[in-house]
Amino acid sequence: MPLTAQARTTRGVKEWTFLTNHAHVLLAIAREPTARLRDVAEAVGITERAAQAIVADLEAADYLTRERVGRRNQYTLNPAGRFRHPAEADRSIGDLLQLFTDLSNP
């Protein structure tokens, strides 16, 4: 079950992470391209609806494509996609994927 903002506080200090939920969803899909959104949501700690909205955002921005294969979706990532923030716009998401996944060593 996703953690609420209140549950993510420790001794009155709000906890935070460096990566956004968009990055976490992208990495979860990179690790398991046929994962159900329910499983992605659980892995990230968000609701299934939030995971669905994030996947739609990532697809609209051409970071991934979705193809129906039988009863599941098969996701294909675009590692050439660039980060959106100007400070990292010269880097591709492939760099992030390589850093946080072991996809280069099958």
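Criteria and cut-off values
- Residues numbered from 1 in each chain as written.
- Predicted model: local features only at pLDDT ≥ 70, side-chain atom pairs only at ≥ 80, totals over all residues.
- Heavy atoms only, no water.
- Helix = DSSP H or I, 4+ residues; strand = E, 2+ residues; numbered from the N terminus.
- Buried < 20%, exposed > 50% of the residue type's maximum accessible area, 1.4 Å probe, protein only.
- Contact = heavy atoms within 4.5 Å.
- Areas by Shrake-Rupley, 256 points an atom, 1.4 Å probe, with all protein chains shown as cover.
- Pairing = 2+ DSSP bridges.
- Core = buried A, V, L, I, M, F, W, Y, C linked by side-chain atoms within 4.5 Å.

A. Molecular detail of the overall build of the chain. When you go through the chain residue by residue, the secondary structure sums to four helices and four strands. Secondary structure elements in the chain, listed N-terminal to C-terminal, are β-β-α-α-α-β-β-α. Evaluated residue by residue, the chain yields a buried proportion of 27% over its 106 residues. Put simply, of all contacts in the chain between residues at least 6 apart along the chain, 41% involve residues at least 24 apart. When the accessible surface of the chain is totalled, it reaches about 7,800 Å², and 52% of it is carbon and sulfur.

B. Just the pairing of strand β4 (residues 72-77), in detail. Side-chain alternation along β4 places Asn73, Tyr75 and Leu77 on a buried face and Arg72, Gln74 and Thr76 on a face that remains uncovered. In this sheet, β4 lies alongside strand β3 (residues 64-69) in antiparallel orientation, the contact comprising six bridges. Bridge pairing in β4 places threonine 65 opposite threonine 76. Linking β3 back to β4 in an antiparallel pair, the connection comprises two residues, with glycine 70 at a positive phi of about 65 degrees.

C. Main features of the nonpolar core. Among the nonpolar cores identified, the biggest contains 24 residues, and Val25, Leu26, Ile29 and Leu64 are the most heavily contacted of them. Put simply, the parts of the chain that give this core at least two residues each are α1 (21-31), α2 (37-44), α3 (48-60), β4 and α4 (93-100). Element by element, the count of residues in this core is highest for α1, at seven residues.

Any functional reading would require information that these geometric values do not contain.
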